[in-house]
Amino acid sequence: MPTALVTGASSGIGAVYARRFAARAYDLVLVARATDRLNALATELRAAYGVAVEVITADLIDPAQLDVVVNRLRSSPPIDLLVNNAGAALLGGFAGADPADMDKLLRLNVQAPTLLASAAVGAMIERGHGAIINIASVVALIPEYFPGIYAATKSYMLTFSRGLAAEVGPKGVYVQAVLPAATRTEIWGRAGADIEQIPGLMEVDDLVDAALVGFDRKEEVTIPPVPEATAWDAFEQARGGLAAGFGNSKPGARYLG
Ligand SMILES: NC(=O)c1ccc[n+]([C@@H]2O[C@H](COP(=O)([O-])OP(=O)(O)OC[C@H]3O[C@@H](n4cnc5c(N)ncnc54)[C@H](OP(=O)(O)O)[C@@H]3O)[C@@H](O)[C@H]2O)c1
């Protein structure tokens, strides 16, 4: 049986990923801070699907606790799939943000998933197969609608994921970036927002099921609420058009005085 390690499995998107991969006969390693919730989910999944489930309680902001997860990724049984999902939001603008809160957000949303992917990918390349799912956000593409650094952390996840996909895809490792829009989970309440005031919330089961359709299709970027694939194709074409100028050794004429 393949094994999936899911961070942030105690609630929301991560808990649904854990249920779905258990249903696909993956053994699981569940990671988050809330041991009781992880144990309850582990008991449910063992009973429902007969899979093996390990629980690791870890605060991924803490380097020593992050190391425990890094070490698990480097050990046996090997991890076939990493779901880099744990994350938090930080509401409010940049100018008034507490530097300590930003430090925690950067460690959780950027540093931890980077180091976990680093720990996982070597063995995947050696085996010639494996997968990494990176949970970004649509705000990666529309940062002007989400003041503060949260959108930038999610842009990092998108850029990181795409660069990694280009590097390790040819070596048999599939890397998917998932960009949810507003989804009904605890993230809003944890960040101090009233979820009832958030328009257009997607249900978390719908979000993950759609993301898994993208996973099965081996999409590099999956944006569940976008109806037409052509919208993404047009975006990529525009990006390619822009990049066509990057090789010029002289500034564009419009910048010449
Ligand atoms: N919901 C949305 O609207 C939305 C939209 C776009 C992207 N996302 C992304 O989706 C991912 C999952 O969020 P969610 O919406 O499912 O929210 P959620 O229900 O709040 O889940 C967040 C998960 O991360 C874990 N976590 C938080 N801080 C942690 C820490 N310091 N160490 C270890 N685990 C930690 C939480 O578990 P513990 O508290 O037990 O540690 C929980 O399992 C995040 O990366 C988020 O940025 C969400």
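In the block above lies the structure referred to throughout.
Residues numbered from 1 in each chain as written. Predicted model: local features only at pLDDT ≥ 70, side-chain atom pairs only at ≥ 80, totals over all residues. Heavy atoms only, no water.

Trainee: What am I meant to see in the packing of helix α4 (residues 99–127) against helix α5 (residues 150–168) here?
Mentor: Contact geometry for α4 and α5: axes closest at 9 Å, N-to-C directions at 10 degrees. Classed by the angle they form, the pair α4 and α5 counts as roughly parallel. Note on element contacts: α5 touches α4 through Tyr-150, Thr-153, Lys-154, Tyr-156, Met-157, Phe-160, Leu-164 and Val-168, opposite Leu-105, Leu-106, Asn-109, Val-110, Pro-113, Thr-114, Ala-117, Val-121 and Ile-125. Its residues assigned to classes, the contact of α4 with α5 shows 13 nonpolar, three polar and one charged. (Axes fitted to C-alpha atoms, helices over the stretch in contact; angles between N-to-C directions. Helix = DSSP H or I, 4+ residues; strand = E, 2+ residues; numbered from the N terminus. Parallel < 35°, antiparallel > 145°, perpendicular 65-115°, else oblique. Contact = heavy atoms within 4.5 Å. Nonpolar A, V, L, I, M, F, W, Y, C, P; charged D, E, K, R; others polar.)

Trainee: When you look at the packing of aromatic side chains in this model, what are you seeing that I'm missing?
Mentor: Each aromatic ring pair is specified by the distance between its two centres and by the angle formed by the two planes. Going through the model one piece at a time under the given rule, you end up with seven aromatic pairs. Relative to Tyr-26, the ring of Phe-21 has its centre 4.9 Å away and its plane inclined at 70 degrees; by these criteria the two rings are edge-to-face. The pair formed by Phe-21 and Tyr-26 is uniform in burial state, with each residue classed as buried. Ring centres 5.7 Å apart and planes at 75 degrees place the aromatic pair Phe-21 and Phe-215 in the edge-to-face group. On the criterion of sequence distance, the pair formed by Phe-21 in helix α1 (residues 12–23) and Phe-215 in helix α7 (residues 204–216) is long-range, its members being 194 residues apart. One aromatic cluster is present, built from ring pairs that chain together Tyr-17, Phe-21, Tyr-26, Tyr-174 and Phe-215. Positioned above the aromatic ring of Tyr-174, the side-chain terminus of Lys-218 is 5.2 Å from the ring centre. Over the aromatic face of Phe-215 sits the side chain of Lys-218, whose NZ or CZ is 5.9 Å from the ring centroid. (Phe/Tyr/Trp six-rings, centres within 6.5 Å; stacked < 30°, edge-to-face > 60°. Buried < 20%, exposed > 50% of the residue type's maximum accessible area, 1.4 Å probe, protein only. Lys NZ or Arg CZ within 6 Å of the ring centre and 35° of its normal.)

Trainee: Just to check I follow, could you spell out the packing of α1 against helix α2 (residues 35–49) for this structure?
Mentor: What describes two packed helices is the angle between their axes and the distance between those same axes. In the contact formed by α1 and α2, the axes pass within 10 Å of each other and the chain directions differ by 20 degrees. Taken together, the axes of α1 and α2 are roughly parallel relative to one another. You can see that α1 and α2 cross each other, and the crossing is right-handed. Packed against α1, whose contacting residues are Ala-15, Ala-18, Arg-19, Ala-22 and Ala-23, the element α2 presents Leu-41, Glu-44, Leu-45 and Tyr-49 at the interface. Split into classes, the residues belonging to the contact of α1 with α2 amount to seven nonpolar, no polar and two charged. (Left-handed = near helix turned anticlockwise from the far one by under 90°.)

Trainee: What should I look at first to understand the layout of surface pockets in this one?
Mentor: Over the atoms rolls a probe the size of a water molecule, and its path tells where empty space is left. For the largest pocket, the calculated volume is near 1,000 Å³. Around the largest pocket, the lining is made up of 44 residues, and of these Ala-86, Gly-87, Ala-88, Ala-89 and Ile-187 lie nearest the centre. In terms of residue count, the dominant contributor to the lining of the largest pocket is α4 (four residues). For the lining of the largest pocket, the per-class residue count stands at 26 nonpolar, ten polar and eight charged. By volume, the second largest pocket is sized at about 370 Å³. If you go around the second largest pocket, you meet 17 residues; those closest to its centre are Glu-219, Val-221, Ile-223, Val-226 and Ala-229. No other element matches the four residues that helix α8 (residues 229–243) contributes to the lining of the second largest pocket. (1 Å grid on protein atoms, 1.4 Å probe; cavity = no way out; pocket = protein on both sides within 12 Å on 5 of 7 lines; lining within 4 Å. Points joined across faces, edges and corners; volume = space filled by probe spheres on them.)

Trainee: How should the site of the ligand be read in this particular structure?
Mentor: Near the ligand, the surroundings consist of 31 residues, among which Ser-10, Arg-33, Asn-85, Tyr-150 and Thr-185 are the closest. Within the backbone of Leu-60, an N or O atom sits 2.9 Å from a nitrogen atom of the ligand. Here an oxygen atom of the ligand sits 2.8 Å away from a polar atom, N or O, in the side chain of Arg-190. When the ligand is considered free in solution it has 880 Å² of accessible area, and contact with the protein chains removes 97% of it. Here the ligand occupies the largest pocket. Elements supplying a minimum of two residues to the shell around the ligand: α1, α5 and α6 (187–190). With three residues, the top contributor of residues to the shell around the ligand is α6. (Near = heavy atom within 4 Å. Polar contact = N/O pair within 3.5 Å; in protein donor to acceptor, adjacent residues only side chain to side chain. Areas by Shrake-Rupley, 256 points an atom, 1.4 Å probe, with all protein chains shown as cover. Sits in = over half its atoms within 2 Å of the grid points.)

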